[in-house]
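Structure at a glance
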Amino acid sequence: MDLKIIRANKNHIEGVSILFDFYRQFYKYQKDLKNSKNYIHERIINEESIIFIATDNKRVIAFVQLYETFDSLNLNKKIVLYDLYILEKYRKLGIGRKLMNKSKEFAINNKFSRIELSTSIDNYDAQKLYESLDYIRDKEYYNYDLNF
C-alpha cells in the first residue's frame, strides 16, 4: 500500500467528512453525514483545526483532528487531539501510530507544550496505542461536562 500522511485541505473535505461521520457513530451518535460535512468544512476552511489524513492515493482511509488551545498552568499553548479514526479494514497496520507521530511532530515543531487526549473507558485498542507512545493516563484529575 502506498500510504501518505498529509495535512488535509479543502480538497479532502468530502473524504474526511465520511470518516468523521463514522467516528461519531463509533461513539454512539446518529449518522449525520450532512452536518458532519458542514463541521469538517468549517474547520478546514476557517483553519480552526489541524487535520492530518492517511491516504492510499485513492481515498482518505484515516484521520486525526487537533485543536490548538491554551495551557494556563504551563503558560503555553497545547494541542487537544480530539478525533482519531481509521477505516476498519485498515486497522492494525500501524496507521494510527503514524498519525499520532505526525501529530507529535507538528506539536514539537510549533512549540506546543503538550498533547492532551481522551478516549472512552472501553476503547482498549486506542488506550494500548496511546500508552505504547508514552502517553500517561491521568490519575490526578477528573473530567466533568455540562451539556446544554
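Described in the following lines is the structure provided in the data block. (Residues numbered from 1 in each chain as written. Predicted model: local features only at pLDDT ≥ 70, side-chain atom pairs only at ≥ 80, totals over all residues. Heavy atoms only, no water.)

What to know about the packing of aromatic side chains
Tallying each qualifying case throughout the model produces 11 aromatic pairs. Note on F20 and Y39: the rings are 5.3 Å apart at their centroids and 5° apart in plane angle, and the pair reads as stacked. Remark: Y39 occurs in helix α2 (residues 33–45) and F20 occurs in helix α1 (residues 13–26); sequence separation between them is 19 residues. Exposure remark for F20: the relative accessible area of 7% places this residue in the buried category. Residue Y39 is classed as partly exposed on the basis of its relative accessible area, which comes to 31%. Taken together, a centroid distance of 6.3 Å and an interplanar angle of 65° make the contact between F20 and F63 edge-to-face. A residue pair is termed long-range when its members are at least 10 positions apart, and F20 in helix α1 and F63 in strand β3 (residues 60–71) qualify at 43 residues. Feature note: the residues F20, Y23, F26, Y27, Y39 and F63 constitute an aromatic cluster, connected by ring pairs. Over the face of the ring belonging to Y39 we find R43, whose NZ or CZ atom lies 4.3 Å from the ring centre. (Phe/Tyr/Trp six-rings, centres within 6.5 Å; stacked < 30°, edge-to-face > 60°. Helix = DSSP H or I, 4+ residues; strand = E, 2+ residues; numbered from the N terminus. Buried < 20%, exposed > 50% of the residue type's maximum accessible area, 1.4 Å probe, protein only. Lys NZ or Arg CZ within 6 Å of the ring centre and 35° of its normal.)

Looking at the pattern of salt bridges
One pass over the structure, following the stated rule, counts nine salt bridges. Residue D125 pairs with K92 through a salt bridge whose shortest N-O separation is 3.4 Å. Residue D125 is found in helix α4 (residues 124–132), and its partner K92 is found in the loop between β4 (76–86) and α3 (95–109); the two are separated by 33 residues along the sequence. Like K92, D125 is exposed. Notably, a salt bridge pairs E131 with R137, separated by 3.0 Å at the nearest N-O pair. Among the ionic contacts, a cluster of salt bridges with common partners joins D71, K78, R114 and E116. (Salt bridge = Lys/Arg side-chain N within 4 Å of Asp/Glu carboxyl O.)

Overview of the packing of α1 against α2
Interaxial distance between α1 and α2 falls to 8 Å at its minimum, and their mutual angle equals 125°. Classified by the angle their axes make, α1 and α2 are oblique. At the point where α1 passes α2, the crossing takes the right-handed sense. Across from I13, E14, V16, S17, I18, F20, D21 and R24 in α1, the residues of α2 making contact are L33, S36, K37, Y39, I40, H41, I44 and I45. Within the contact of α1 with α2, the residues separate by chemical class into nine nonpolar, three polar and four charged. (Axes fitted to C-alpha atoms, helices over the stretch in contact; angles between N-to-C directions. Parallel < 35°, antiparallel > 145°, perpendicular 65-115°, else oblique. Left-handed = near helix turned anticlockwise from the far one by under 90°. Contact = heavy atoms within 4.5 Å. Nonpolar A, V, L, I, M, F, W, Y, C, P; charged D, E, K, R; others polar.)

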